[in-house]
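Fold and contact review
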Amino acid sequence: MPGAAAATPTPAPRPAGPTIRADDPRYAELRTGNNQRYLATPDYVRLITSPEDAERAVRDAVAAGKRVSLRGGGHCFADFVCHSETEVILDVSPMTDVAYDPTRRAFVVEAGARLMNVYEALFKNWNVTIPGGICYNVGVAGHISGGGYGLLSRAHGLTVDHLYAVEVVVVDRNRRVRRIVASREPDDPNRDLWWAHTGGGGGSFGLITRYWFRSPDARGSKPEDQLISPPSKVLVSAIEFPWDRMDRTSFARLISNFDSWHLANSAPDSPFVNLSSLFNVSAKVHGGLGMFTQVDATAPNARGLLSDYLAAITAGVGVTPRSASGSIGEIGPLPGYEVPRELPWLQATRLVGTNNPTITNPTSRGAHKSAYMLAAFTPDQVTKLYDYMTRPDFTNPDTMLVLFSSGGRVNAVAPDATANAQRNSTYKMCFQTFWERPEDDDFYLGWLRGLYSDFFAETGGVPVPDTQADGCYINYPDNDMANPAHNRSGVSWERLYFKDNFPRLREVKRRYDPTDYFRHSMSISPA
């Protein structure tokens, strides 16, 4: 029944997960995460093995009056899990199952699963998939609750556009702990809780244990008809524009070409919806600006579409792209793909997904800032970007502005249909840099803050929604957006990330977590 608290039964009860304390050799590893800038000193880390175990773990923490942090086990760019006030980390990373649930006619994915494991299980068993991200070790818990997008999103929408239900452990006003399954069914009394998990971000409403996926247009009862099928094969291109052949003029033309193409092809009915591109505008010290492009090889005129796209990107630049023998920003080298190659879809997904040496480096520190774009860069923005990327005192090759195709079917959904409100953008951006040593924090944070602030100088240092830009992506969280020293726009960080959906998110928070038990530095506050 929609909204029922009962969960789909598992074949056999799983034993409770271990509790890791400071005297355990595993503690040092589990007190931090993907970004080594952030460290916690919790009383314990509780590894969770099942929905029942999750409920027990939350109940124990509530009874003890402990401040909890929630971890799916994948990436977390900010301090949402590991911070000074963390007393207990509730970690669902042992929960990795992917299965078909006939009672809900949907695929159930446990919250600790990583994207590549999900892709493999769905494809091999049922020839279906979800349009999620490219990096293999991104965890589904946060990826999906923040919206989720990837190389198939222009053709099929965001990951949350296929989310049917979510199971969440919540804490009510009387500190009573319960599990709720909330679905998108119109008569589900908990539908708002489902909606909040379609772009409202993780860690605000409760502990996510499972997701169910079924595409909105699914028919019949066969498992293979309940989700989108990936392309049987894709065309893959990887090229690099050498920095030593670029000047201000060629750089500006290359950026303008990317802008113009995406502005012209962001509509849901664009003939290019089956094509998606990842352009890494790396710092000059890296050696090149890399571009990865994928198109559904079974789409009509697939090779022509890819050829037209690459011609549009290179037009008038005056620089011949070469093989991507060096890394393409956060993606590793992909030599030999300057001539597009046809690959089976899963093989191509593995090729890119397991080739992320920069962003998956477990020892690195990083900083990330995001924006959705509605209009082209101004000449001043291009100048600032060029100046920062060519600064002679900047010697870190692991630095880039990632431009990732959006639009297409992403823009076919109303801004309030899901919590992810950015449904009119052309592409998504992530300014990011990675480094190793704590003593370098001030330099790299200063460089990134300076670039971002100067880039959006006309709107107070941030991408104010409904101007040239459309706010920020909550899965690339940035605490600076809540700091008036860096966000001088007068627009709240909540509006930057959630736009007009924020008041409704606060109401959901008030209903399901009225005491603000689940919170972090950028969680939703109760209405």
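Provided above is the structure to which this section pertains.
Residues numbered from 1 in each chain as written. Predicted model: local features only at pLDDT ≥ 70, side-chain atom pairs only at ≥ 80, totals over all residues. Heavy atoms only, no water.

**Looking at the sheet that holds strand E8 (residues 177–183)**
- Overall, antiparallel pairing links the 5 strands, which are arranged E5-E6-E9-E7-E8 in an open sheet. Because the sheet does not close on itself, it has two edges, and the strands there are strand E5 (98–101) and E8. Ignoring which end each strand starts from, the neighbouring axes of this sheet average 25° apart.
- Here 4 bridges tie strand E6 (residues 106–110) to strand E9 (residues 207–213), and the two strands are oriented antiparallel to one another. (Pairing = 2+ DSSP bridges. Helix = DSSP H or I, 4+ residues; strand = E, 2+ residues; numbered from the N terminus. Axes fitted to C-alpha atoms, helices over the stretch in contact; angles between N-to-C directions.)

**A few points about the layout of surface pockets**
- Approximately 390 Å³ is the volume attributed to the second largest pocket.
- What lines the second largest pocket is a set of 23 residues, among which His 156, Asp 161, His 162, Pro 216 and Val 413 lie closest to the centre.
- Broken down by secondary-structure element, the contributors of at least two residues to the lining of the second largest pocket are helix H5 (153–156) and helix H6 (191–196).
- Residues belonging to the lining of the second largest pocket are distributed by class as follows: 11 nonpolar, 6 polar and 6 charged. (1 Å grid on protein atoms, 1.4 Å probe; cavity = no way out; pocket = protein on both sides within 12 Å on 5 of 7 lines; lining within 4 Å. Points joined across faces, edges and corners; volume = space filled by probe spheres on them. Nonpolar A, V, L, I, M, F, W, Y, C, P; charged D, E, K, R; others polar.)

**What about the pairing of E5?**
- In the sheet, E5 pairs with E6 via 4 bridges, with the strands oriented antiparallel. In the strand pairing of E6, Tyr 100 is matched with Phe 107.
- Here E5 folds back onto E6 in antiparallel fashion, the turn holding 4 residues, of which Arg 105 has a positive phi close to 50°.

**Let's talk about the pattern of salt bridges**
- Under the counting rule described, the total for this entry stands at 36 salt bridges.
- The partner of Asp 101 in a salt bridge is Arg 104, and the shortest N-O contact between them spans 3.6 Å.
- For the salt bridge of Arg 176 with Asp 172, the shortest nitrogen-to-oxygen distance reads 3.1 Å.
- Here the salt bridges do not stand alone but share partners, grouping Glu 55, Arg 59, Glu 167, Arg 179 and Arg 210 into one network. (Salt bridge = Lys/Arg side-chain N within 4 Å of Asp/Glu carboxyl O.)

**Section: the pairing of strand E13 (residues 322–328)**
- In this structure, strand E10 (residues 233–242) lies alongside E13, joined through 2 bridges in antiparallel fashion. Among the inter-strand pairings, Ile 239 is bridged to a residue of E13, identified as Ser 323.
- As paired elements, E13 and strand E14 (residues 331–334) share 3 bridges and run antiparallel to each other. Within E14, the position partnered with Ala 324 by the bridge is Leu 334.
- In textbook terms, the turn of a hairpin is the stretch between consecutive antiparallel strands, and for E13 and E14 this stretch comprises 2 residues, one of which, Gly 329, has a positive phi near 65°.

All quantities given are derived from atomic positions and should not be read as evidence of function.
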